[in-house]
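# Architecture and fold: a report
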Amino acid sequence: GRRMEDHLRFAICYWHSFAWQGGDPFGGQTFLRPWFGDSMENAKLKADAAFEMFRILNAPYYCFHDADMRPEGSSFAETTRNLEEMTDYFAAKMEAGGPKLLWGTANLFSHRRFMSGAATNPDPDVFAYSAATVKTCMDATLRLGGENYVLWGGREGYETLLNTDLTKELDHMGRFLSMVVDYKHKIGFKGAILIEPKPQEPTKHQYDYDVATVFGFLQRFGLEKEVKVNIEQGHAILAGHSFEHELALAASLGIFGSIDMNRNDYQSGWDTDQFPNNVPETALAYYEILRAGGFTTGGTNFDSKLRRQSLDAEDLILSHAGAMDVCARGLKAAAAMLEDGRLESARAARYAGWAKPEAQALLNSDLDSITADVLARGIDPQPSSGKQEKLENLVNRFM
Ligand code: 3MF
Ligand code: MG
Ligand code: MG
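Counting starts from 1 at the beginning of each chain's written sequence and moves along it residue by residue. Key to labels: chains lettered from A, ligands numbered from 1, both in the order written. Confidence filtering applies because this is a predicted model: local features only for residues at pLDDT of at least 70, side-chain atom pairs given and counted only at 80 or more, and all residues used for totals across whole chains, interfaces and linings. With hydrogens and water excluded, all non-hydrogen atoms of the structure serve as input to the side-chain values.

## Side note on the sheet that holds strand 1 (residues 10-13)
In a beta sheet, neighbouring strands are held together by backbone hydrogen bonds and run either parallel or antiparallel to one another. If you walk around this closed barrel you meet the 8 strands as 1-2-3-4-6-8-9-10, and the pairing is parallel. The mean inter-strand angle of the sheet, taken between neighbouring strand axes irrespective of direction, is 30°. Examined bridge by bridge, strand 1 and strand 10 (residues 300-302) share 3 bridges and lie parallel to one another. Along strand 10, the bridge assignment pairs Ile 12 with Phe 302. Working rule for contacts: check all heavy atoms of both residues, and any pair within 4.5 Å makes them a contact. For every element, the axis is a line fit to its C-alpha atoms; helices are fit only across the contacting stretch, and the angle between N-to-C directions ranges from 0 to 180 degrees. Numbered from the N terminus, helices here are DSSP runs of H or I no shorter than four residues, and strands are runs of E no shorter than two. Here helix 11 (residues 314-340) sits on the sheet and contacts strand 1, strand 9 (256-261) and strand 10; the angle it forms with strand 10, its principal contact strand, is near 150°. Only strands that DSSP links by at least two bridges are regarded as paired with each other.

If you want it as structure tokens, here you go:
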């Protein structure tokens, strides 16, 4: 009964679109925008441009880091005041008909104080500063009606194990996350807390490596019912997975939340983060999302950026329009695949043997009894000779 666009829930990310200056690890700023430069005046100019673009694209959602939308102050108190003033500024624009906030997040990786991590920093003052920063950012997200709150462990990892106390750092990260969850309940934030896994970059090894690693971490701290994941296409590829693998695993573990959509391939690295441009790939991703019941609080955030040579700001609008088109076509293909039913019935047919009561009894048995049963029945399983349909060829017909 949901309309097609209810399954997409597009969000525009503030950081790549309005704060990123075109830098990469080999060269700095290439973009010139009138709002670059840390001041309240520029922060407001940037917000005016952003909300104008949201309006042109009729975007239903946006996402931000605190550091993208407020200037850094000369003290924590001043930075917090800047954040609050910009939160009011955003709130007024949202009331005037702007998009809703899919999620907010704190940038705990750009400032030099975070060079050795935030929650996992060896310096307890950085742990404290990070915790206080997340508190203020959760307050801002709540005030703006944010539907989720994201934590990407930007520099929660290590460069060399030789100087790293891995046990201590993981313990600190677990305590940090527990405090975030407690604070969510304290302030009555109804949205989901989402961890965004990434295996490396900027650190050599990031603790939130992939969905499986994050799930193990959540279980260890008893948070697997409290925290879900925001899965990014490029991060899945970087971890040696496919995007749909990460989506299917998260759904299976009951922690699927939201997606960061971009397009990275075997040449990925250093957040190339192209806008999605491959319909069959997005179709396979949305197929997993639809099978999982679609988004509940999450959505499709374009964590995508222009090429640094793309100096014309109009490209931002065209890129987002193109990306929305690619995702919409992928979603339509995914919906058609599901509706057609042949893939799901092929899947069910493979497991048909498990529907029998004796097969179910196996799962409640033990190795001795099973061995006795195998001997008694004299079973000698052989691969079935049934014709296998080439499922990938079938999938192509829906694109
Ligand atoms: C890095 C990312 C991040 C996260 C962001 C919010 C800068 O590769 O994907 O973008 O998406 O921090 O989670
Ligand atoms: Mg991301
Ligand atoms: Mg990324």
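## Observations concerning the site of ligand 1
Neighbouring residues of ligand 1: 14 residues in total, closest His 65, Glu 196, Glu 232, Asp 271 and Asp 303. Residue Trp 15 places a side-chain N or O atom 3.4 Å away from an oxygen atom belonging to ligand 1. Taking Glu 232, its side chain carries an N or O atom lying 2.7 Å from an oxygen atom of ligand 1. Coverage of ligand 1 by the protein amounts to 96% of the 340 Å² it exposes when considered alone. Of all the secondary structure elements, the ones that give two or more residues to the shell around ligand 1 are strand 3 (100-105) and strand 4 (148-152). For the shell around ligand 1, the class distribution of residues is 5 nonpolar, 3 polar and 6 charged. Being near a molecule or strand, for a residue, means having at least one of its heavy atoms within 4 Å of it. Two N or O atoms form a polar contact when they lie within 3.5 Å of each other; inside protein one atom must be a possible hydrogen donor and the other a possible acceptor, and for residues adjacent in sequence the pair counts only when both atoms belong to side chains. To be clear on the numbers: accessible area is Shrake-Rupley with a 1.4 Å probe, and residue cover counts the displayed protein chains and nothing else. Each residue receives one of three labels: charged for Asp, Glu, Lys and Arg, nonpolar for Ala, Val, Leu, Ile, Met, Phe, Trp, Tyr, Cys and Pro, and polar for the others, Gly being one of them.

## Structural notes on the coordination of the magnesium ion (ligand 3)
The donor definition counts N, O and S atoms within 2.8 Å of each metal and applies 3.2 Å to Na, K and Ca; water is not among these atoms, so some sites may look incomplete. Donor atoms from the polypeptide that bind the magnesium ion (ligand 3) are Glu 232 (OE) and His 235 (NE2), placed at 2.2 to 2.3 Å. The two metals, the magnesium ion (ligand 3) and the magnesium ion (ligand 2), are separated by 3.6 Å and share Glu 232 as a common coordinating residue.

## Here's the deal with helix 6 (residues 166-187)
For a helix, the expected span equals 1.5 Å multiplied by the number of residues minus one. Its 22 residues place the ends of helix 6 32 Å apart at the C-alpha level, agreeing with the 32 Å of an ideal helix rising 1.5 Å per residue. Exposed residues in this analysis have more than 50% of their type's maximum accessible area, buried residues have under 20%, and partly exposed residues fall in between, with area computed by a 1.4 Å probe over protein chains only. Taken as a whole, helix 6 has its buried residues at Glu 169, Leu 170, Met 173, Gly 174, Phe 176, Leu 177, Ser 178, Val 180, Val 181, Tyr 183 and Lys 184. Tucked into the core, helix 6 has its buried residues touching helix 5 (124-143), strand 4, strand 5 (157-158), strand 6 (192-196), helix 7 (211-220) and strand 8 (227-232). One or two positions beyond helix 6, positive phi appears at Gly 188, with a value near 75°.

## Focus: a nonpolar patch on the surface
Residues Tyr 351, Trp 354, Leu 362 and Leu 363 make up a contiguous nonpolar surface patch of roughly 420 Å² in combined accessible area. Turning to its location among the elements, Tyr 351 is positioned in the loop between helix 12 (342-350) and helix 13 (357-362). Of the residues examined, Tyr 351 reaches a relative accessible area of 47% and is grouped as partly exposed. The patches reported here contain residues having more than 30% relative accessible area and no salt bridge. Joining distances are 9 Å for like charges and 5 Å for nonpolar side chains (Val, Leu, Ile, Met, Phe, Trp, Tyr). One side-chain nitrogen of Lys or Arg within 4 Å of one carboxyl oxygen of Asp or Glu is enough to make a salt bridge.

## Some details on the pairing of strand 2 (residues 61-65)
The buried fraction of strand 2 is high, at 5 of 5 residues. Of the two faces of strand 2, both are covered, the one formed by Tyr 61, Cys 63 and His 65 as well as the one formed by Tyr 62 and Phe 64. Sheet topology note: the strand 1/strand 2 ladder contains 3 bridges and is parallel. Bridged to Ala 11 within strand 2 is Tyr 61. Two elements, strand 2 and strand 3, share 5 bridges in a ladder whose sense is parallel. From the neighbouring strand, Cys 63 faces strand 3, where its bridge partner is Trp 103.

## Re the nonpolar core
Grouping buried Ala, Val, Leu, Ile, Met, Phe, Trp, Tyr and Cys residues that are joined through side-chain atoms within 4.5 Å yields what is termed a nonpolar core. Ranked by internal contacts, the top residues of the largest apolar core, which has 92 residues, are Phe 90 and Tyr 286. Non-local contacts of Tyr 286, meaning those with residues more than four positions away in its chain, are made with His 7, Leu 8, Ile 259, Met 261, Phe 295, Thr 300, Cys 327, Gly 330, Leu 331 and Ala 334. Listed in part, the 10 residues of the second largest apolar core include Ala 11, Cys 13, Cys 63 and Ala 192.

## Side note on the packing of aromatic side chains
Aromatic rings in a pair are described by how distant their centres are and how their planes are angled relative to each other. Aromatic contacts are taken between Phe, Tyr and Trp rings whose centres are within 6.5 Å, Trp giving its six-membered ring; a plane angle under 30 degrees counts as stacked, one over 60 as edge-to-face, and the others as tilted. Within this structure, the stated rule accounts for 20 aromatic pairs. Look at Phe 51 and Phe 54: their rings are 5.0 Å apart centre to centre, the planes differ by 70°, and that puts the pair in the edge-to-face class. With a gap of 3 residues between them, Phe 51 and Phe 54 both fall in helix 2 (residues 40-57), about one helical turn apart. The exposure class of Phe 54 is buried, given its relative accessible area of 1%.

## Observations regarding the confidence of the model for the protein
pLDDT expresses, on a scale from 0 to 100, how confident the predictor is about each individual residue. Looking at the protein as a whole, the pLDDT averages 96, with 98% of positions reaching at least 70. This complex was scored by the predictor with a pTM of 0.97 and an ipTM of 0.94.

## Thoughts on the packing of helix 4 (residues 76-95) against helix 5
Running from N to C, helix 4 and helix 5 cross one another at 15°; their axes reach a closest spacing of 10 Å. In terms of their interaxial angle, helix 4 and helix 5 are classed as roughly parallel. When the axes of helix 4 and helix 5 are compared, the crossing they make is right-handed. Where helix 4 approaches helix 5, its residues Phe 76, Thr 80, Leu 83, Thr 87, Asp 88 and Ala 91 are matched on the opposing element by Tyr 129, Ala 132, Thr 133, Thr 136, Cys 137, Ala 140 and Arg 143. Each angle is binned into one of four classes, with values under 35 degrees roughly parallel, values over 145 roughly antiparallel, values of 65 to 115 roughly perpendicular, and all other values oblique. Take the far helix as the reference: if the near one is turned anticlockwise from it by less than a right angle, the crossing is left-handed, and if turned clockwise, right-handed.

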